[in-house]
Amino acid sequence: TSPRVAVNYQLNNSKTLRASVSKGLHAPSQVLTKANAGFRFQDGSLINLLLTNSSELKPERIKSYELAYIHRWPETDTQLDVKLFHEKIDDIFNNRTNVAFPDIDQTAQVYENNGFVKNKGLELQLQHDFSSIPDLNMRLAYAYIDSEVGNQNEGTIFRLRNSIPKHSGTLMLNKKIKNG
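Residues numbered from 1 in each chain as written. Predicted model: local features only at pLDDT ≥ 70, side-chain atom pairs only at ≥ 80, totals over all residues. Heavy atoms only, no water.

**Q** I would appreciate a short explanation of the overall build of the protein chain in the present structure.
**A** When its secondary structure is counted, the protein chain shows 2 helices and 9 strands. The order of helices and strands in the protein chain, counted from the N terminus, is β-β-α-β-β-β-β-β-β-α-β. Its C-alpha atoms give the protein chain a radius of gyration of 24 Å, clearly above 16 Å, the size a compact globule of 180 residues would have. Across the 180 residues that make up the protein chain, the buried fraction comes to 29%. Taken as a whole, the protein chain presents about 12,200 Å² of accessible surface, with 55% of it coming from carbon and sulfur. Of the charged side chains in the protein chain, 22 are positive and 19 negative, and the gap between their average positions amounts to 5 Å. (Helix = DSSP H or I, 4+ residues; strand = E, 2+ residues; numbered from the N terminus. Rg over C-alpha atoms; globule rule 2.2 N^0.38 Å. Buried < 20%, exposed > 50% of the residue type's maximum accessible area, 1.4 Å probe, protein only. Areas by Shrake-Rupley, 256 points an atom, 1.4 Å probe, with all protein chains shown as cover. Lys, Arg positive; Asp, Glu negative; His and termini not counted. Charge placed at Lys NZ, Arg CZ, Asp CG, Glu CD.)

This is the structure in structure tokens:
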């Protein structure tokens, strides 16, 4: 479940303020809770365990807060959205290596809830419908995200840190074609 509550306050016909809060849970997959990967002899005895399951994984918890300002210019079919946001994800699934295990290399990997991510930032979006060209619209967007990532050991969480861009932008033109 991911409940979200939002309040919109329309200042006038062209200006709106919005505040919202949401939270959600991301349950661990069967792979994370049932994993058992390794090398075995033909008789089934273990040579080396690479990854073992973690039946104690809790769902990841996500909380998000947002403040937004929307300005519409009806005479030009243009709209500007400005959004400030803050989100925190706790109990992120993260693999821990070098867990003591009685096999050939005396270690294995196991997933734990030991990471977190905090994102805060700004999103801008400008939309425009071209009245001179039927069914053509444009969307220009920019986002700035400041991320803080942490945990107790190396693993997937550090790869996550490197995959969150600080600046991103989009320019999209949409044209509706006749007959679908």
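We are not done yet, so read on.
**Q** It is not clear to me how a nonpolar patch on the surface should be interpreted in this structure. Could you clarify?
**A** Where nonpolar side chains cluster on the molecular surface, the patch consists of Val-5, Val-21 and Tyr-65 and spans about 270 Å² of accessible area. Within the secondary structure, Val-21 sits in strand β2 (residues 15-26). Looking at Val-21, the relative accessible area reads 36%, which means it is partly exposed. (Patch = residues over 30% accessible without salt bridge, like charges linked within 9 Å, V, L, I, M, F, W, Y side chains within 5 Å. Salt bridge = Lys/Arg side-chain N within 4 Å of Asp/Glu carboxyl O.)

**Q** Quick question: what am I supposed to make of the pairing of β2 here?
**A** Looking at chain direction, strand β1 (residues 4-10) and β2 are connected through 7 bridges and run antiparallel. Paired with Gln-10 across the strands is Thr-16, a residue of β2. Taking the residues that link successive antiparallel strands as the turn, the β1-β2 hairpin has 4 residues. Bridge analysis of β2 against strand β5 (residues 60-73) gives 12 bridges, and the strand direction is antiparallel. Across the sheet, Gly-24 pairs through a bridge with Ile-62, a residue of β5. (Pairing = 2+ DSSP bridges.)

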